[in-house]
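Each chain is listed here by its residues.
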Amino acid sequence: LFAQHSGTCGTNLTWTYDETTRVLTISGSGDMDNYMENHTYDMPWHNYQTSIASIVFPDSITSIGNNAFYSASNLTSVTIPDGVTRVGDRAFCGCSKLSTVLIPNSVTSIGSGAFTGCCFTSFTIPNSVTSIGSTAFAYCVNLSTINIPSGITSINSSMFAYCSALDSITIPEGVTSIESEAFMMCTSLKSINLPNSLKSIGFEAFMLCSGLTSITLPDSLTNIGTGAFCYSGLTSVDIPNGLTSIV
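This is a predicted model, so every value here is computed, not measured.

## Thoughts on the overall build of the protein
- A tally of helices and strands in the protein yields 0 helices and 20 strands.
- Taken over the C-alpha trace, the protein has a radius of gyration of 20 Å; the compact-globule value for 247 residues is 18 Å, and the two agree within 12%.
- Along the longest, intermediate and shortest principal axes, the C-alpha atoms of the protein span 65 × 25 × 25 Å.
- The buried share of the protein, reckoned over its 247 residues, is 48%.
- The contacts in the protein between residues at least 6 apart in sequence include a share of 26% that link residues at least 24 apart.
- Surface accessibility of the protein: about 10,600 Å² in total, with carbon and sulfur atoms responsible for 49%.
- Positive and negative charge centroids in the protein, built from 6 and 16 side chains respectively, lie 5 Å apart.

## A look at the pairing of strand β1 (residues 6-10)
- The pairing of β1 with strand β2 (residues 13-18) spans 4 bridges and is antiparallel. For Ser6, the partnering residue across the bridge sits in β2 and is Thr16.
- Count of turn residues in the β1/β2 antiparallel hairpin: 2 residues.

## Section: a nonpolar patch on the surface
- Together, Val237, Ile239 and Ile246 make up a nonpolar patch on the protein surface, roughly 260 Å² of accessible area in all.
- Residue position: Ile239 is located in the loop between β19 (223-224) and β20 (245-246).

## Quick look at the sheet that holds strand β3 (residues 23-28)
- Across the sheet, 4 strands lie side by side as β1-β2-β3-β5; this open sheet has mixed pairing. Of all strands in the sheet, those with a lone pairing partner are β1 and β5 (54-56), marking the two edges. Strand-to-strand twist of the sheet, defined as the mean angle between neighbouring strand axes without regard to direction, takes the value 25 degrees.
- Direction of pairing for β3 relative to β5: parallel, over a ladder of 3 bridges. Note that in β5 the partner of Val23 across the bridge is Ser54.

## Focus: the packing of aromatic side chains
- A complete count under the given rule lists 18 aromatic pairs for this structure.
- Geometrically, the ring pair formed by Phe115 and Phe137 is stacked, given 5.8 Å between the ring centres and 15 degrees between the ring planes. Here Phe137 lies in the loop between β12 (131-132) and β13 (145-146) and Phe115 lies in the loop between β10 (109-110) and β11 (122-123), a separation of 22 residues in the sequence. This pair shows no difference in class: Phe115 is buried, exactly as Phe137 is.

What counts as what
- Residues numbered from 1 in each chain as written.
- Predicted model: local features only at pLDDT ≥ 70, side-chain atom pairs only at ≥ 80, totals over all residues.
- Heavy atoms only, no water.
- Helix = DSSP H or I, 4+ residues; strand = E, 2+ residues; numbered from the N terminus.
- Rg over C-alpha atoms; globule rule 2.2 N^0.38 Å.
- Buried < 20%, exposed > 50% of the residue type's maximum accessible area, 1.4 Å probe, protein only.
- Contact = heavy atoms within 4.5 Å.
- Areas by Shrake-Rupley, 256 points an atom, 1.4 Å probe, with all protein chains shown as cover.
- Lys, Arg positive; Asp, Glu negative; His and termini not counted.
- Charge placed at Lys NZ, Arg CZ, Asp CG, Glu CD.
- Pairing = 2+ DSSP bridges.
- Patch = residues over 30% accessible without salt bridge, like charges linked within 9 Å, V, L, I, M, F, W, Y side chains within 5 Å.
- Salt bridge = Lys/Arg side-chain N within 4 Å of Asp/Glu carboxyl O.
- Axes fitted to C-alpha atoms, helices over the stretch in contact; angles between N-to-C directions.
- Phe/Tyr/Trp six-rings, centres within 6.5 Å; stacked < 30°, edge-to-face > 60°.

This is the structure:
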């Protein structure tokens, strides 16, 4: 049996794959289908998943489906067209050679695990993004520079866990919580600016951040979770007057 080279991937989307150039071309318009978590045979181009070198998207596509390019281990760059509003859960998870990603201002949501385990050194998130899921950038071990848009209100669990090259980050005003393990094992993290809107720091949020030797906690902070700074580089910290709970 020969592997399928074309098919559908949405109500109004089709795909073709060229084995010579290793280019996957998506055509049509609208939302891409979502695919099952951890089932690499579920997406229609699964036979080529580890061979795809580049993807061409149509300008009229509006979403990247869940798990669509999960473990596309030879994909090196992605340009998401203007008009896409959602990058799905684990859409590019495990794309271990993905070093360049361009995201347009139309995107409002980046799903859980969307870029887990990619190899880019920097990443620009447009200000249009108001939601970033848990583990979205976890295990991006080369990531040293990233911005957090002003519309984000929560740094979700394990969002940057094991980003061992990340050395500084600014959390924007409006963020009220840093969830569990958000920066766990960010061993190079030396500088983090926390906003005056921050109310809670979750369980093991900065655990094993050995390079973090100082931090200023805002007066707005009311809760610090268990092991939030466990095995970090902190030797002392000033506790804000408003803090009511250290679990």
